[in-house]
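Residue-level listing of the chains:
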Amino acid sequence: MTHSQFELLSNQAVAACAVVYFLAVLAHFAQWAAGRKVEEPVEQPVGVGAAGSGTPLAATPTGPTTIDEPERMELFGRVGLSLTVVAAFVHFIAMASRGLASDPVRVPWGNMYEFTLTGTWVVVMGYLLLYRRYSLSWLSPVVTSFVLVTLMIDVLVLYTPVVPLRDALQSPWLIIHVVAAITATGAFTLGGMCSALYLVKERWQRKHEADGSTGRGYLARLPELPVLDRIAYRTHAFGFPIWTFAALIAGPIWAHYAWGRYWGWDPKEVWAFITWVVYAAYLHARATSGWKGRSAAVVALVGLATLWFNFVGINFFFGSGSQHSYAAPEPVAVVRTLE
Amino acid sequence: MSEPTRRPATGYEAPPLRPGELARWSWRQLTSMRTALILLFMLALAAIPGSVVPQEAVDSLRASQWRDQHPQLTPVYEKLGLFSVYDSVWFSAIYILLMLSLVGCIIPRLLVYWRGVRRRPPKAPRNLTRLPQRRVYETDEDPDVVLERARALLRRRRFRVEVVDDAVSSERGYLREAGNLLFHLSVLIVLVGFATGGLWGYKGGVIVVTKDSFANTLSQYDDFRAGALFDPVKLSPFAFTVDDFDVTFIRQGREAGMAHKFSAGLTYQASPSSQQRETRISVNHPLHIDGTDVFLISHGYAPHLTVRNADGSIAWSGAQPFLPEDSTFRSFGVVKVPDASQKSGSTQIGMEGEFYPTYGFIKGKNGGPFSAFPDAKNPAISMLAYRGDLGLDDGKPQSVYALQKKGLTPLKKADGKPLRLDLGLGATATLPDGLGTVTFDGVSRYVKLQISHTPGQKIALGGVVLALIGLLGSLFIRPRRIWVRARRDGGRTTVEVAGLDRSAGGDLSNEIDALTASLRPASTTPEFPEESS
């Protein structure tokens, strides 16, 4: 295959995986819609076991559609998960062919479009790998719709044709630095989702405690608050050392070789440092001051906001001022033809 | 702060704090966890302005442009130190307080840890049912046999074990706190490394036209920044010549015009007495000469121009670097001729304008000269000329890339329009009023090099690596205690296994299950799993 054929393949694979993600979103929405009609198991800790464990074991026989619904829920859940696996595979093809499309062949991490393509894939892979361990069926609709929307924005706003890597990017540190940064970003994103769900559920629970009603539907089926809190903590604790490595070890070493200084307070560096400090505060608060639940979740979301701002914002708002501005449209085609 | 606390219930007024007490109180406040957290958030907030306002130390050109555009805000910003946030008093205050708080926090913890790390595992609580994880089974074995086996099993699992009375106490995961302390200490190491570079290091930029040489002395630099304790005598005495510069511009396709694989060939000597060596430097591949690094940052064009007086004598000749303005390498530059002559005596000539590596011209209202390609395929310059006083004699340093137009008048054509010198390669233009001629002789490339010496780099790197190791320990080592108690109870032995996970959110049930399973001989009564929440 030629390079331009690979580029075409990559574009088509992105479109195809977006379609499959969309179907997965539909399946998961159907799953939780079916779940609304089923009474949630009381005191049944959600999430002990394999796929579709959100299914209640004891459905009330008085409801109108009680027999079919749990099965339907499980079926839709399985369909959604299988579609996500297929989509992740196609997503991987899109990334790989993007690298093969360049002449010379390179890693697909040259610009924002490619970073986002890889970042979303890491989020999906993280979700799939942890699916069994933490029984993440409740996270499916959030992850799939997040990835779908992000991919759409990526294609609509950030798309850049394949070009070779710039000289500054031609370094083994590109692989080390970017892989670590994207992995940490994926972990923080997953953790942030759990923290956001924590806040939503906590609010919902307070409301229901106040009026004495019991809720149904998606929120009722989320894991108990301490479980959400613990999963969020573990994901962040996994991401933080990787972020430390990416931003404070691999980054500075590469910056030394490429730009002649290991730390120069470039806007991207400043914000990576801010993100690091906020997540350090999150872990510190949990470890020593016993901040759990609400306040910890808020800090985690602040950290996620600084992370995403650094990823997107710096390149757009500080484009010319940052040495990291790989998104700023590099005026590559400078050959003008005269009339 | 020494204001007495009011206690309305008793009407008793506490005496003002004595200086010693005040100091103790302040120290306690400073080293509390809450203060540390607040300082961390403040550090994050305080770092933000430095990413919004152009920083003097990062990009002085942009900082001065910003100053020109905002004449009203500039004095305020200057007072607040917003052009050098990371050296400002308030930013330093935050991190110094944070470091103090850190020291105040880790010293007591080091002492506690030092005592704790040698301590034996604590005695089994009287009532093991209170613990989060507990298993019970009955057996016919003698309690001592069970306890001995438990001791061996736990030892094999690398627990620290102690047998007291009827129970085995065990503990492991002491390294979590060690990791934690290592992390905090390493932050200090990083800061020391960073400060070393800031105080004793230097960073300078220089533009060297190919075939020219550079010797590492202060006067040769175009811009130079050094730390407060830097001593210019310590500049390492190397010198080099830029032999050539290679660049490939992609000529076809979507990325046409993109420069890639640029590199410069250098001949260098580490000191005047040492041997000459040759090397090539490129982006990501600097030259390292005993502690000093030479980096290739960017490149550009230096047109060769010659200004001759009316009598044919040379008033000025040389290669003047022009600064690229966009990716087509349309470049801006200035030529200053301090010793020109005219009929009435001597004068000074200044020229400013643009260089186009591949000249093109668009006719029409919005047209004008442009560069069609970044490679020097059809080089041309287009400059305006001035005469008068260049302002070089007032003692103030002047940029070589800007013309001070206060004492200058533009040269005009016969029709009164400003004179524009448009010169192709090898062309000569005549200046009016018998000022002589200007010739565009040729083009050289130049390289922009950054030369920096940053001591303490290895210390900082070592510090971060240690911090990461400590961090991993403090996050993933789980300190936990397990107790096994065996009691003779009516002819049979009741064995209790219980555990406590001392890390946040840990789960011991699997470990306790595994231990119970290997502790229990094959034929005993079934266990009663007991989990109290």
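Please read these numbers as outputs of a predicted model, since none were measured by experiment.

1. Notes on the overall build of chain B
Tallying secondary structure elements over chain B gives 10 helices and 27 strands in all. Computed over the C-alpha atoms, the radius of gyration of chain B is 38 Å, more than 25% above the 24 Å expected from 2.2 N^0.38 for a compact globule of 533 residues. With the principal axes as the frame, chain B shows a C-alpha extent of 125 × 70 × 55 Å. Relative to its full complement of 533 residues, chain B shows a buried share of 44%. Put simply, chain B shows about 28000 Å² of open surface, and 56% of that area lies on carbon and sulfur atoms. If you average the places of the 64 positive and of the 53 negative side-chain charges in chain B, the two averages end up 4 Å apart.

2. Side note on the environment of alanine 300 of chain A
Residue and element names in this part refer to chain A. For alanine 300, the position within the fold is in helix α9 (residues 293–317). On the accessibility criterion, alanine 300 (0% relative accessible area) is buried. Between the C-alpha atom of alanine 300 and that of alanine 280, which follows or precedes it by 20 residues, the distance is 9.9 Å. Not counting the four nearest positions on each side in its chain, alanine 300 is found in contact with Ser195, His236, Tyr279 and Tyr282.

3. Thoughts on the sheet that holds strand β9 (residues 239–249) of chain B
Residue and element names in this part refer to chain B. If you trace the four strands from one edge of the open sheet to the other, you get β7-β9-β10-β11, paired in antiparallel fashion. Because the sheet does not close on itself, it has two edges, and the strands there are β7 (213–215) and β11 (277–282). On average, adjacent strands in this sheet sit at an angle of 30° to one another, irrespective of strand direction. In terms of strand pairing, β9 meets strand β10 (residues 259–269) through nine bridges, oriented antiparallel. Residue aspartate 246 lies in a different strand from β10, and its bridge partner there is serine 263.

4. Considerations on the pattern of salt bridges
All names here are of chain B. For the structure on display, the rule yields 31 salt bridges over all chains. The partner of arginine 280 in a salt bridge is aspartate 244, with the nearest N and O atoms 3.0 Å apart. You can see arginine 280 sitting in strand β11 and its partner aspartate 244 sitting in strand β9, a full 36 residues away along the chain. A residue is classified by how much of its surface remains accessible, and aspartate 244, at 26% relative accessible area, is partly exposed. We note a salt bridge from arginine 330 to aspartate 326, for which the minimum N-O separation is 3.4 Å. When its relative accessible area of 30% is taken as the criterion, aspartate 326 is described as partly exposed.

5. Concerning the confidence of the model for chain A
The predicted coordinates ought not to be read in detail in places where the model reports low pLDDT. Summarising the model, chain A shows a mean pLDDT of 82, and 83% of its residues fall at 70 or more. Here residues 327–339 of chain A is modelled with pLDDT under 50, and outside its nearest four sequence neighbours on either side it reaches 26 contacts, counting other chains as well.

6. A word on the packing of aromatic side chains
The geometry of an aromatic ring pair is captured by two quantities: the separation of the ring centres and the angle between the planes. Under the counting rule described, the total for this entry stands at 36 aromatic pairs over all chains. Plain terms: the ring middles of phenylalanine 188 of chain A and tryptophan 243 of chain A are 6.3 Å apart, the flat faces sit at 65° to each other, and that makes the pair edge-to-face. Of this pair, phenylalanine 188 of chain A sits in helix α5 (residues 172–211) while tryptophan 243 of chain A sits in helix α7 (residues 225–259), and the two are 55 residues apart along the sequence. Measuring from ring centre to ring centre gives 3.7 Å for tryptophan 265 of chain A and tyrosine 86 of chain B, while their planes differ by 5°; the resulting arrangement is stacked.

7. Some details on the interface of chain B and chain A
If you look at the interface, chain B gives 60 residues, while chain A gives 60 residues. Both faces combined, the contact of chain B with chain A buries some 5000 Å², and carbon together with sulfur accounts for 70% of it. For the pair chain B and chain A, the number of links is zero salt bridges. Where chain B meets chain A, there are seven residue pairs in polar contact (both at pLDDT 80 or more).

8. Side note on the nonpolar core
Tyr21, Trp138 and Trp243 of chain A are the most contacted members of the largest nonpolar core, which has 122 residues in total. In terms of residues, this core owes the most to one element, α7 of chain A, which gives 17 residues. The contact partners of tryptophan 138 of chain A, leaving out residues within four places of it in the chain, are Trp32, Cys194, Leu197, Tyr218, Leu222, Pro223, Leu228 and Ile231 of chain A. By size, the runner-up hydrophobic cluster in this structure holds 52 residues, among which are Phe245, Tyr268, Leu411 and Leu421 of chain B.

9. Quick notes on the packing of helix α1 (residues 3–36) of chain A against helix α4 (residues 140–158) of chain A
All names here are of chain A. Relative orientation of the contacting elements α1 and α4 amounts to 150°, with a least axis distance of 9 Å. Considered as vectors, α1 and α4 are oriented roughly antiparallel to each other. You can see that α1 and α4 cross each other, and the crossing is left-handed. Contacts between α1 and α4 involve Val14, Cys17, Ala18, Tyr21, Phe22, Ala24, Val25, His28, Phe29 and Trp32 from the former and Ser140, Pro141, Thr144, Ser145, Val147, Leu148, Leu151 and Val155 from the latter. For the contact of α1 with α4, the per-class residue count stands at 14 nonpolar, four polar and no charged.

10. A word on the packing of helix α6 (residues 89–117) of chain B against helix α8 (residues 175–200) of chain B
Residues and elements named next belong to chain B. One way to put it is that α6 packs onto α8 with a least axis distance of 10 Å and a crossing angle of 150°. In this structure, the crossing between α6 and α8 has a hand that is left-handed. Residues Tyr95, Met99, Leu102, Val103, Ile106, Arg109, Leu110 and Tyr113 of α6 pack against Leu175, Glu177, Ala178, Asn180, Leu181, His184, Leu185, Val187, Leu188 and Leu191 of α8.

11. Re the environment of aspartate 222 of chain B
All names here are of chain B. Inspection of the secondary structure assignment puts aspartate 222 in the loop between β7 and β8 (223–226). Owing to a relative accessible area of 48%, aspartate 222 belongs among the partly exposed residues under this scheme. Distance in space between the C-alpha atoms of aspartate 222 and isoleucine 451 is 11 Å, their sequence separation being 229 residues. Residues within four places of aspartate 222 in sequence aside, it is in contact with Gly205, Val206 and Ile207. Of the polar contacts made by the side chain of aspartate 222, one reaches the backbone nitrogen of isoleucine 207; its length is 2.8 Å.

Calculation notes
- Residues numbered from 1 in each chain as written.
- Chains lettered and ligands numbered in written order.
- Predicted model: local features only at pLDDT ≥ 70, side-chain atom pairs only at ≥ 80, totals over all residues.
- Heavy atoms only, no water.
- Helix = DSSP H or I, 4+ residues; strand = E, 2+ residues; numbered from the N terminus.
- Rg over C-alpha atoms; globule rule 2.2 N^0.38 Å.
- Buried < 20%, exposed > 50% of the residue type's maximum accessible area, 1.4 Å probe, protein only.
- Areas by Shrake-Rupley, 256 points an atom, 1.4 Å probe, with all protein chains shown as cover.
- Lys, Arg positive; Asp, Glu negative; His and termini not counted.
- Charge placed at Lys NZ, Arg CZ, Asp CG, Glu CD.
- Contact = heavy atoms within 4.5 Å.
- Pairing = 2+ DSSP bridges.
- Axes fitted to C-alpha atoms, helices over the stretch in contact; angles between N-to-C directions.
- Salt bridge = Lys/Arg side-chain N within 4 Å of Asp/Glu carboxyl O.
- pLDDT = per-residue confidence, 0-100.
- Phe/Tyr/Trp six-rings, centres within 6.5 Å; stacked < 30°, edge-to-face > 60°.
- Buried area = accessible area lost by both parts, 1.4 Å probe.
- Polar contact = N/O pair within 3.5 Å; in protein donor to acceptor, adjacent residues only side chain to side chain.
- Core = buried A, V, L, I, M, F, W, Y, C linked by side-chain atoms within 4.5 Å.
- Parallel < 35°, antiparallel > 145°, perpendicular 65-115°, else oblique.
- Left-handed = near helix turned anticlockwise from the far one by under 90°.
- Nonpolar A, V, L, I, M, F, W, Y, C, P; charged D, E, K, R; others polar.

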